[in-house]
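Chain by chain, the residues run as shown.
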Amino acid sequence: RSHKLTGEMAESAALSLGGAMKALTAYTPELAKEIKQTIRKDPAVHGAYDLILHSYGPERLIGSVHVEVPDTMNAEEIDTMTRRITEDVYREHGILLTGLSIYSMNTRDEESKEIRQRISQIATSHDGVLQIHGFYVSQEKKTIHFDVIIDYAREDRELIFADIVKEVQEAYPEYQIFPVMDIDI
């Protein structure tokens, strides 16, 4: 009797492990790239970043993502866009996006656009920097927010990030800088 029970337990464990492995392998860098491409097809979206997918069993992925949109969009337009993106991603990939966070992109102010371009140049002049995103300048508060994506394989990520922050602060001493060192997700 104990051999039969042990065999049944082993079979059950193997089935459970198989399902877990299938769930783990469902997420691939290619899938993430495809999902972001689907999101970027939306006419209101200027970028899709920081995609996170959670597995809740075989072929059950639920996710969240940041999308960059013009600062001129209102709540109704953002709601419509969010529903449209959620439907597109589910239809094309079978993945439910339960959260879309918004990065507002400066579009009304030439000075903010120039600051973004200059900070992007500063950041990408460093080896290992892949991009900046989540960029927003508040002229009223004199703040600058942005994320810097540094190649995760770089052992000197913190040093590169510190150099970028120093250079940006020197270039824009009148602003309070809120940088985030991000990873390429």
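Above this note sits the structure.
So, here's what we can say about the structure. Everything numeric here is computed off the predicted structure, so don't read it as measured data. Sequence order as written defines the numbering, with residues in each chain counted from 1. Totals for whole chains, interfaces and linings use all residues, but because this is a predicted model, local features are given only for residues with pLDDT of at least 70 and pairs of side-chain atoms are given and counted only at 80 or more. Values shown for side chains rest on all heavy atoms present in the structure; no hydrogens or waters enter the calculation.

**Brief notes about the environment of Pro 43**
Numbering of helices and strands runs from the N terminus; a helix is a DSSP stretch of H or I covering at least four residues, while a strand is a stretch of E covering at least two. With respect to the secondary-structure elements, Pro 43 resides in the loop between helix H2 (29-40) and strand S1 (47-55). Pro 43 sits 38 residues away from Met 81 along the chain, and the two C-alpha atoms are 8.9 Å apart.

**Considering the nonpolar core**
Buried Ala, Val, Leu, Ile, Met, Phe, Trp, Tyr and Cys residues that are joined via side-chain atoms within 4.5 Å together make up what is termed a nonpolar core. For the exposure calls, accessible area comes from a 1.4 Å probe over protein chains only, and a residue counts as buried if that area is under 20% of its type's maximum, exposed if over 50%, partly exposed in between. Formed by 20 residues in total, the largest nonpolar core has its most connected members in Ile 35, Ile 39, Val 65, Val 67, Met 81, Ile 85 and Leu 97. At the level of elements, H2, S1, strand S2 (61-70), helix H3 (75-93) and strand S3 (96-105) are the ones that each hand at least two residues to this core. Not counting chain neighbours up to four residues away, the residues in contact with Met 81 comprise Asp 42, Ala 44, Val 45, Val 67, Val 69, Met 73 and Ile 102. Grouped together as the second largest cluster of nonpolar side chains are 19 residues, Ile 132, Phe 146, Val 168 and Tyr 175 included. In this description, contact between two residues means that some pair of their heavy atoms is separated by no more than 4.5 Å.

**Points about the pairing of S3**
Two strands form a pair only when DSSP identifies at least two bridges running between them. Relative to S3, S2 is paired through nine bridges, and the arrangement is parallel. Paired with Val 67 across the two strands is Ile 102, which belongs to S3. Between the parallel elements S2 and S3, the chain passes through H3 in a crossover that is right-handed. The crossover handedness rule: strands pointing away from the viewer, path from first strand over the helix to second strand clockwise, crossover right-handed.

**Focus on the pairing of strand S4 (residues 129-138)**
Counting buried residues in S4 gives seven out of ten residues, a clear majority hidden from the surface. In terms of strand pairing, S4 meets strand S5 (residues 143-150) through seven bridges, oriented antiparallel. By the bridge assignment, His 133 is partnered in S5 with Asp 147. Two successive antiparallel strands, S4 and S5, enclose a turn made up of four residues, where Lys 142 displays a positive phi of approximately 60°.

**Brief notes about the packing of helix H4 (residues 110-124) against helix H5 (residues 157-171)**
Between H4 and H5, the shortest axis-to-axis distance is 9 Å and the interhelical angle comes to 150°. Considering their axes alone, H4 and H5 lie roughly antiparallel with respect to each other. Between H4 and H5 lies a crossing whose hand is right-handed. Touching Ile 119, Ile 122 and Ala 123 of H4 are Ile 164, Glu 167, Val 168 and Ala 171, all from H5. Each residue receives one of three labels: charged for Asp, Glu, Lys and Arg, nonpolar for Ala, Val, Leu, Ile, Met, Phe, Trp, Tyr, Cys and Pro, and polar for the others, Gly being one of them. A per-class count over the contact of H4 with H5 returns six nonpolar, no polar and one charged. Where helices are involved, their axes are fitted lines through C-alpha atoms of the stretch in contact, as for all axes, and angles between N-to-C directions lie from 0 to 180°. Roughly parallel here means an angle under 35 degrees, roughly antiparallel means over 145, roughly perpendicular means 65 to 115, and every remaining angle is called oblique. Helix crossings are classified by the rotation of the near helix relative to the far one: an anticlockwise turn of less than a right angle makes the crossing left-handed, while a clockwise turn makes it right-handed.

**Quick notes on the sheet that holds strand S6 (residues 176-182)**
The strands making up a sheet associate through backbone hydrogen bonding, with each pair oriented either parallel or antiparallel. Spatially, the three strands line up as an open sheet ordered S4-S5-S6, and their pairing is mixed. Only two strands of the sheet have a single neighbouring strand rather than two, namely S4 and S6. Across this sheet, the average inter-strand angle for adjacent strands is 15°, counted without regard to direction. As defined by bridge partners, S5 adjoins S6 across seven bridges and the pair is classed as parallel. Following the sheet pairing, Val 148 is matched in S6 by Met 181. Sheet strands touched by H4: S4 and S5. Its angle to S4, the strand with the most contacts, is close to 155°. Seen against the sheet, H5 touches S4, S5 and S6 and runs at an angle of roughly 160° to S6.

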